[in-house]
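A structural walkthrough
So you can see what is in the structure, the chains are spelled out below.
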Amino acid sequence: MVNAVKVFKKTAPNGKITVYLGRRDFVDNTVSTEPVDGVVVCENDYLRGRKIFATVTVTYRFGREEDEVMGLHFSKELQLTNQQIYPCNGTPELTAVQDRLVKKLGGNAYPFAVTIPQSAPTSAQLHTGKEHSSKPLGIIYELKVFVADNGEDKPHKRNSVTLAVRKVQFAPLDRTKRQPSTMVSKGFALSTGKINMEVNLERDVYYHGETIIPMIGISNCSRKTVKSIKCSIVQHVELTMTNNHFTREVAALESKEGCPITPGANLQKSFSLVPLASTNQNKFGIALDGKLKDSDANLASSTIAAEGANPNDATGIVVSYSARVRLNCGALGGELMADLPFKLLHPTPGSLISKDKGEGDDIVFEDFARLRRGMSVDQP
């Protein structure tokens, strides 16, 4: 028995050109980015000497459209590539999905692969805190395939197809065995001794939906008393274009179990936290990998920099996470806080199709416009 492969399909308003995509997520592995590949089908005698072009544009929207007044704009649009896909020089190397689509769709099917620059930012969206919003905030990619005499011509809506795609990053295949750890201390004026706190995590990389368990060790060598402990998972979001940085708690627990921790006492304690998009529906500014109303939307994954590269050089929306522990030492004692960074990512998915599988009728076509999400964001 052969497993069916889902292929996304969208047709131009005039019905003359149709684009098929085997996937809408294109992976950035920090060394290179997978090309946006698919197949375009054009009716006989429609081109009449014209060519087929494909462009990939990225829109960086960092403010609400309804707030744009008196010529003020909160978005930047950049065309990353403009490529002629038919006729093209040479014979491109086909993926397994393209090979099967070309054989199934016939002689008017032309495969294409559009390259995305490695420096382009990864996809992310910011939750506006409202159910309905005119345009999503964040980094949005669009693939446009159109017919024209040359690539500089402005495409017409009637003979062009626009599809939302994403540039994503996944966790490494082998998660490191490194166990993050940090230790902080706090002294007090006019008082001897300190409060020492050590925070540990089981590993450096967690998958979305997994339980994160910070393990806390507290040694009170001071004369103050610890009243309570709060542990939270914090999402750090940096908007590089506007040089803004803000944080949001995406999961939190506060406990007085084991408290008060009196002078000379010790405490070993752990918290279990699961950061989810569904539990943060009313928070503005949460970075997501899609729209919150989509059932399979998740918190945005951590931004990964290439080995040896400076993470501060990343562009777009840079996302990171940390486990934050606060000790309440009373009104006069203040707080002792520790931040322990970790990465929150999706696991690398297995291959959806291999060349040794069957060919022909085991392809299922999905209308792109009718689908909210497959493994990525659809247009509204």
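As a reminder, the structure under discussion sits directly above these lines.
Structure report, in brief. (Residues numbered from 1 in each chain as written. Predicted model: local features only at pLDDT ≥ 70, side-chain atom pairs only at ≥ 80, totals over all residues. Heavy atoms only, no water.)

1. Re the overall build of the chain
Cut-off, in case you're wondering: Secondary structure elements are taken from DSSP: a helix is a run of H or I of four residues or more, a strand is a run of E of two residues or more, and numbering for both begins at the N terminus. For the exposure calls, accessible area comes from a 1.4 Å probe over protein chains only, and a residue counts as buried if that area is under 20% of its type's maximum, exposed if over 50%, partly exposed in between. Residues count as neighbours in contact if any of their non-hydrogen atoms are within 4.5 Å of one another. For accessible areas, the Shrake-Rupley method is used with a probe of radius 1.4 Å. Any residue's cover is judged against the shown protein chains and nothing else.
Looking only at helices and strands, one finds 2 helices and 21 strands in the chain. Per-residue burial for the chain yields a buried fraction of 45% across its 380 residues. For the chain, contacts bridging at least 24 residues in sequence account for 69% of all contacts bridging at least 6. Per element, the accessible surface of the chain, about 19400 Å² overall, is 49% carbon and sulfur.

2. Quick word on the packing of aromatic side chains
Given two aromatic rings, one states the distance between the centres and the angle between the planes to describe the pair. Applied cut-off: In summary, the pairing rule links any two rings of Phe, Tyr or Trp, Trp by its six-membered ring, whose centres are within 6.5 Å, and it sorts them by plane angle into stacked for under 30 degrees, edge-to-face for over 60 and tilted for everything else.
Counting across every chain of the model gives 4 aromatic pairs. When the ring of Phe53 is compared with that of Phe146, the centres are 5.8 Å apart and the planes differ by 25°; the resulting orientation is stacked. Taken together, the positions of Phe53 in strand β5 (residues 51-61) and Phe146 in strand β9 (residues 137-148) put the pair 93 residues apart, joining distant regions of the chain. What makes Phe146 buried here is its relative accessible area of 1%. Between Tyr86 and Tyr110, the ring centres sit 3.8 Å apart and the planes meet at 15°, which makes this aromatic pair stacked. Note that Tyr86 is positioned in strand β6 (residues 75-86) and Tyr110 in strand β7 (residues 109-114), a separation of 24 residues in sequence. Residue Tyr86 is classed as partly exposed on the basis of its relative accessible area of 28%.

3. A closer look at the nonpolar core
The condition that has to hold: To define a nonpolar core, start from buried Ala, Val, Leu, Ile, Met, Phe, Trp, Tyr and Cys residues and group those joined through side-chain atoms within 4.5 Å.
If you look at the biggest cluster of nonpolar residues, it comprises 75 residues, and the most contacted ones within it are Ile52, Leu143 and Met197. Once residues lying within four places of it in the same chain are set aside, the contact partners of Leu143 are Leu21, Val36, Ala54, Thr55, Val56, Phe112, Val161, Thr162, Leu163 and Val165. One finds Val7, Tyr20, Val41 and Val97 within the second-largest nonpolar core, a separate group that totals 9 residues.

4. Brief notes about the environment of Arg100
Mapping Arg100 onto the fold places it in helix α1 (residues 96-105). For the pair formed by Arg100 and Ile363, sequence separation is 263 residues and the distance between their alpha carbons is 8.5 Å.

5. Focus on the sheet that holds strand β14 (residues 215-220)
The following threshold applies: Note on pairing: DSSP must find at least two bridges between two strands before they are called paired. Under this scheme, a helix contributes an axis fitted over its contacting stretch, all axes are lines through C-alpha atoms, and angles between N-to-C directions fall in the 0 to 180 degree range.
A sheet is described by the order of its strands in space; here 4 strands give the open sequence β11-β12-β14-β17, paired in antiparallel fashion. Of all the strands in the sheet, the pair left with one neighbour each is β11 (181-188) and β17 (266-270). Neighbour to neighbour, the strand axes of the sheet diverge by 15° on average, direction disregarded.

6. A closer look at the sheet that holds strand β4 (residues 36-42)
The mixed open sheet is built from 5 strands, whose spatial order is β7-β4-β2-β1-β21. Each end of this open sheet is capped by a strand with a single partner; those strands are β7 and β21 (363-367). For this sheet, the mean inter-axis angle between neighbouring strands, taken without regard to orientation, is 30°. Summarising the sheet, strand β1 (residues 5-11) and strand β2 (residues 17-21) pair through 4 bridges and their orientation is antiparallel. By the bridge assignment for β2, Thr11 is matched with Thr18.

7. Description of the environment of Leu344
For Leu344, the location among the structural elements is in strand β20 (residues 335-345). Looking at Leu344, the relative accessible area reads 1%, which means it is buried. Remark: the alpha-carbon pair of Leu344 and Ser302, spanning 42 residues in sequence, is separated by 5.4 Å. Every residue in contact with Leu344, bar those within four places of it in the chain, is listed here: Tyr206, Tyr207, His208, Pro275, Leu299, Ser301, Ser302 and Tyr321.

8. Side note on the environment of Leu267
Assignment of secondary structure puts Leu267 in strand β17. With a relative accessible area of 15%, Leu267 lands in the buried category. Between the C-alpha atom of Leu267 and that of Asn220, which follows or precedes it by 47 residues, the distance is 8.7 Å. Filtering out sequence-adjacent residues up to four positions away, Leu267 remains in contact with Ile216, Gly217, Ile218, Ile229, Glu257, Gly258 and Ile261.

9. Thoughts on the pairing of strand β15 (residues 228-239)
The side chains of a regular strand alternate between the sheet's two faces. Along β15, 10 of the 12 residues are buried, which leaves the element largely enclosed by surrounding structure. Relative to strand β19 (residues 317-328), β15 is paired through 12 bridges, and the arrangement is antiparallel. Across the sheet, Cys231 pairs through a bridge with Val325, a residue of β19. The pairing of β15 with strand β16 (residues 244-255) spans 11 bridges and is antiparallel. Paired with Cys231 across the two strands is Leu253, which belongs to β16. The antiparallel pairing of β15 with β16 creates a hairpin that spans 4 residues between the two strands, and Asn243 there sits at a positive phi of about 55°.

10. Quick word on α1
All buried positions along α1 are accounted for by Ala96, Val97, Gln98, Arg100 and Leu101. Where α1 is buried, its residues meet β1, β2, β4, β7 and β21. Of the residues trailing α1, Gly106 is marked for its positive phi of about 95°.

11. Regarding the side chain of Ser222
Spelled out, the test is: We define a polar contact as two N or O atoms separated by no more than 3.5 Å, with the added condition that, inside protein, one atom must be a possible hydrogen donor and the other a possible acceptor, whereas residues neighbouring each other in sequence contribute only through side-chain atom pairs.
Examined against the element boundaries, Ser222 turns out to sit in the loop between β14 and β15. Polar contacts involving the side chain of Ser222 include one to the side chain of Asn220, which spans 2.7 Å. Here Lys224 takes part through its backbone nitrogen, which lies 3.2 Å from a polar atom of the side chain of Ser222. When residues no more than four places from it in sequence are discounted, the contact partners of Ser222 are Phe188, Thr192, Gly193, Lys194, Ile195, Pro263 and Gly264.

Everything listed is a geometric property; what it means functionally is a separate question.
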